[in-house]
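# Structural overview for review
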Amino acid sequence: MSLLIENLHATLEDGTPILNGVNLEIPTGEVHAIMGPNGSGKSTLSKVISGHESYIVTGGSVTLDGVDILEMDIDQRSRAGVFLAFQYPAEVPGVSNANFIRAALQARLPKGQDIDAVAYYKNLYAKMDLLEMDRKFTARSVNEGFSGGEKKRNEILQLMMLEPKYSILDETDSGLDIDALKIVAKGVNAMRSADRGFLLITHYQRLLDYIAPDYVHVMSAGQIVRSGGPELALELEETGYDFLKELATA
Amino acid sequence: MPTAISQPSILTEAPRTSAVFPAWFARTQEAAWTSFQQTAAPKRGDEPWRFSSLKELDFSATTRAEFLGEASELIQRSKGLEQFSAKFVFVNDGFALAINHLPKSVICMPLAEALLSHSELVEQYFMRHPATLGSKKFTDLHTAHLSNGMFIHVPAGVVVEHPIEIFHWVQGQHQATFPHTLIVAGEKAQVRVIETFQSINERDATWTIAVNDLIAEKAANLQYSVVQALNTESKIISVNASEISASAVATSFQLHTGAAWARSESICRLLGEESRSYMFAVSVPSHDQEYDLRTFQHHVSPGAYSDLLYKNSLYDESRTIFSGLIFVDEGAHRTDAYQTCRNLLMSNACEANSMPGLEINADDVKCSHGSTSSQISEEEIFYLRARGIHSDTARQLIARGFSIEVISRLAHEASETYILRMLDEKFATLKS
Ligand SMILES: Nc1ncnc2c1ncn2[C@@H]1O[C@H](COP(=O)(O)OP(=O)(O)O)[C@@H](O)[C@H]1O
Ligand SMILES: [Mg+2]
């Protein structure tokens, strides 16, 4: 059981290559981290996996427990079990957070079956409590007027409600103060289990102090250029990404 | 020699003022009829009818609607709020039901009755201001032919707790109704009124020419909402005017989901310091529906505030026209006036026309106006779909959210719930 990315190539609509052969396997039960400088293609990787239409896959494959997801629609991929916590979550005016999450859960039920509203709110409130989110966020429009930290917490709330098999967290730590980071980490850690896999995308080692990864990968110019254990993150923290230049000139 | 048979129609038949109505009313109807006949019909090139489909203004085979006797089923269908202060049902302008829990001092009754029991009071407020946005001829026609409507007078200091509901049902191929709603909120009085227009069947092409006048006296708070959910064969012209005295607030909200063609003219006149006007509209046209919405924010007094927010979500080949003017009179200093029209284009074949406008003849004025047209943002759609929500549902959630932003401005949960329910009835018929 894994989310398997093999030799993935993707370009912008104008043909500019962004991903240049990404290889990565995230088995259930494991937490992987991708680090790398800005512009190396980390967000693009997460969006290509989710099916964003601004990118064209020109080669390679992404399979979820052996099933090709590149053929699936965006919403199908989500229902199949991939979740992306966005680096920049969209604002959706006029759609309340509670209705939004409910619609997402409803979409997973067979036709004719409805969400049990009482159980839904009970579950929602429990998770919001864990994430220390005020109840008023249920009635507020999705992400509208939320601070950066509130948006990130809201992403984790959705993750916890949808219980995806594979989660990709794109820079969930950016814009969070240490207290908010701890809360978000608590949410993610509560979701870790033998039958879920996580991919943490981050620029900084800091997040990994709170969500301990099993493996760390370095991305550069649309490829994974190094992989290792948690110690790799610490090394990067010390030395920075300068070694990439050496790699490039070598 | 064959003679052309002139069909009876509302264009040719003189008013039939009921003999029991007061003389002033008969004279008013007579005068309106004369004025109607003397006023030219809108024609191509008339500014107030720019972009309008003038061909829709065809009344030739249209006659006054006949009253239908049996209304019990329609009373059943008149489902509004859970809690209301009063509820009135009209069928083809004929009175069908009154439930009234209002304080005794509040006058709330069919206009036909008020003309008998409160003739002087009605006369004082009736049609005080002529339509100025192009439909003078049609308000004349309305005045000439009207036989009923609602008269609501909330005396000074009275706060009406729950909304007053008015339901209008119409039926009859080429038949016309002329409902008139007159609401007066006295000094420091507060009242909410929700009026709903619906067709009895999906088949009959009816005409409705409606006028509603809102008068908010000093420091009153008057909120009027209208839901236009007629069948898609019908047409409606509605002219709404509010007169707002010092420190008073008037809110006028419209929801348009029905009718083949709807023309709405909405005017507010700010007559005193710290008077406030809110004008809101949500329109969701589909197929070949066309909504023609004209507004006028008239700052007569200095130190007044007005805000207007109109939102259209256009599906299929539908069409909207928004024309709005903020007009600041000479001397109306310290005016604060805003106007926004936003169009959400849900298809490639729809057409949204916007003509925002501003005329300022005073100093120290804060005004802004603007209109936008856009399709649903790809990023919003992606976000919802990335959570597993089907594409159609996602588009609908976003369009609904776009409308809810206006509805929530009513800041009254029960009213919002009802209006949202009526909006959802429309969305349920739409394919994104
Ligand atoms: N939609 C897009 N349009 C134009 N350029 C893009 C787009 N998406 C990504 N890029 C470019 O691709 C590169 C990788 O971006 P991104 O995946 O966001 O990097 P990272 O998340 O690692 O910072 C950058 O040079 C970025 O400017
Ligand atoms: Mg990024």
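Residues numbered from 1 in each chain as written. Chains lettered and ligands numbered in written order. Predicted model: local features only at pLDDT ≥ 70, side-chain atom pairs only at ≥ 80, totals over all residues. Heavy atoms only, no water.

## So, the overall build of chain B
We count it as follows: Helix and strand assignments come from DSSP, with helices taken as H or I runs of at least 4 residues and strands as E runs of at least 2, each series counted from the N terminus. Exposure is judged per residue with a 1.4 Å probe applied to protein chains only, and the accessible area is read against the type maximum: over 50% gives exposed, under 20% gives buried, and values in between give partly exposed. Should any heavy atoms of two residues lie within 4.5 Å, those residues are counted as being in contact. Note on areas: these come from Shrake-Rupley sampling with a 1.4 Å probe, and a residue is covered only by the protein chains present in the view. The charged-residue count follows a simple rule in which Lys and Arg add positive charge and Asp and Glu add negative charge, with His and chain termini not counted at all. Where a charge lies is defined by one atom per residue type, namely NZ (Lys), CZ (Arg), CG (Asp) and CD (Glu).
A count of helices and strands for chain B gives eight helices and 21 strands. With the C-alpha coordinates of chain B rotated into their principal frame, the extents come out at 65 × 60 × 45 Å. In chain B, which comprises 432 residues, the proportion classed as buried is 60%. A fraction of 84% describes how many contacts in chain B between residues 6 or more apart in sequence connect residues 24 or more apart. Taken as a whole, chain B presents about 16,700 Å² of accessible surface, with 50% of it coming from carbon and sulfur. In chain B, 36 side chains carry a positive charge and 50 a negative one; their mean positions are 2 Å apart.

## Here we look at the coordination of the magnesium ion (ligand 2)
Residue and element names in this part refer to chain A. Cut-off, in case you're wondering: Metal donors were taken as nitrogen, oxygen and sulfur atoms no farther than 2.8 Å from the ion, or 3.2 Å where the ion is Na, K or Ca. Water is excluded, so coordination may look unfinished.
Distances from the magnesium ion (ligand 2) to its protein donors, Ser43 (OG) and Gln87 (OE1), fall within 2.1 to 2.3 Å. Taken together, the residues Ser43 in helix α1 (residues 42-50) and Gln87 in the loop between β6 (82-85) and β7 (92-96) connect sequence positions 44 residues apart. Given the relative accessible area of 16%, Gln87 is considered buried.

## Focus on the sheet that holds strand β2 (residues 17-27) of chain A
As a general point, the strands of a sheet are linked pairwise by backbone hydrogen bonds and lie either parallel or antiparallel. Put simply, the rule reads: Criterion used throughout: strands pair if DSSP finds at least two bridges between them.
Sheet architecture is open: four strands sit in the order β2-β1-β4-β5 (chain A), paired in antiparallel fashion. In the strand order of this sheet, the two ends are held by β2 and β5 (67-68) of chain A, each with one partner.

## Here we look at the pattern of salt bridges
Which entries qualify depends on this criterion: Here, a salt bridge means any Lys or Arg side-chain nitrogen found within 4 Å of an Asp or Glu carboxyl oxygen.
Summed over the entire model, instances satisfying the criterion amount to 29 salt bridges over all chains. Of the charged contacts, one joins Glu132(A) and Lys186(A) as a salt bridge, the two residues approaching to 3.6 Å between their closest N and O atoms. In this pair, Glu132(A) sits in the loop between α4 (117-130) and β8 (141-142) while Lys186(A) sits in helix α6 (residues 178-191), placing the two residues 54 residues apart along the sequence. Through salt bridges with shared partners, a single ionic network connects Glu53(A), Asp75(A), Arg79(A) and Arg385(B).

## Here's the deal with the side chain of His145(B)
Heads up, the condition is: Throughout this description, a polar contact denotes any pair of N or O atoms lying within 3.5 Å of each other; where both atoms belong to protein, one of them has to be capable of donating a hydrogen while the other can accept it, and for residues adjacent in sequence the pair is counted only when both atoms sit in side chains.
With respect to the secondary-structure elements, His145(B) resides in helix α5 (residues 136-145). A polar atom in the side chain of His145(B) sits 3.1 Å from the side chain of Arg64(B).

## Some remarks on the packing of helix α1 (residues 23-38) of chain B against α5(B)
Residue and element names in this part refer to chain B. Stated formally: Fitted lines through C-alpha atoms give the axes, limited to the stretch in contact for helices. The angle between two N-to-C directions lies from 0 to 180 degrees. Crossing handedness follows the turn of the near helix against the far one: under a right angle anticlockwise gives a left-handed crossing, and clockwise gives a right-handed one. In this classification, Asp, Glu, Lys and Arg are treated as charged, Ala, Val, Leu, Ile, Met, Phe, Trp, Tyr, Cys and Pro as nonpolar, and every other residue, Gly included, as polar.
Where α1 contacts α5, the two axes come as close as 8 Å, and the packing angle between them is 145 degrees. Here α1 runs over α5; the crossing is left-handed. For the pair formed by α1 and α5, the contact residues are Thr28, Gln29, Ala32, Trp33, Ser35 and Phe36 on the first element and Lys136, Lys137, Asp140, Leu141, Thr143, Ala144 and His145 on the second. Residues of the contact of α1 with α5, tallied by class, amount to five nonpolar, five polar and three charged.

## Here's the deal with the pairing of strand β12 (residues 235-244) of chain B
Residue and element names in this part refer to chain B. Within β12, 10 of the 10 residues are buried, leaving the element largely enclosed by the surrounding structure. A two-sided burial pattern is seen for β12, the buried positions comprising Lys235, Ile237, Val239, Ala241 and Glu243 on one face and Ile236, Ser238, Asn240, Ser242 and Ile244 on the other. Pairing of strand β10 (residues 207-216) with β12, which is carried by 10 bridges, proceeds in the parallel orientation. Looking across to β12, one finds that Val211 is bridged to Val239. The pairing of β12 with strand β14 (residues 261-270) spans 10 bridges and is parallel. Among the inter-strand pairings, Asn240 is bridged to a residue of β14, identified as Ser266.

## Details of the pairing of strand β8 (residues 180-185) of chain B
All names here are of chain B. Burial analysis of β8 places six of its six residues in the buried class, which makes it a mostly covered element. Side chains of β8 alternate between two faces, with His180, Leu182 and Val184 and Thr181, Ile183 and Ala185 buried alike. Where β8 and β10 come together, six bridges link them in parallel fashion. If you follow Ile183 over to β10, its bridge partner there is Leu214.

## Quick word on the interface of chain A and chain B
Here is the rule: Summed over both partners, the accessible area lost on bringing two parts together, with a 1.4 Å probe, is the buried area.
On the chain B side, the residues contacting the 33 residues of chain A number 20 residues. Counting the surface lost from both chain A and chain B, the interface buries some 2,100 Å², and carbon and sulfur atoms represent 63% of this. For the interface between chain A and chain B, the tally reads three salt bridges. Here Arg387(B) and Glu155(A) are joined by a salt bridge, their closest N and O atoms 2.6 Å apart. Across the contact surface, chain A and chain B share 14 residue pairs in polar contact (both at pLDDT 80 or more). Taken together, the elements giving at least two residues each to the side of chain A that touches chain B come down to α1, α2 (74-80), β6, β7, α3 (97-106) and α5 (148-162) of chain A. The residue makeup of the side of chain A that touches chain B, split by class, is 16 nonpolar, eight polar and nine charged.

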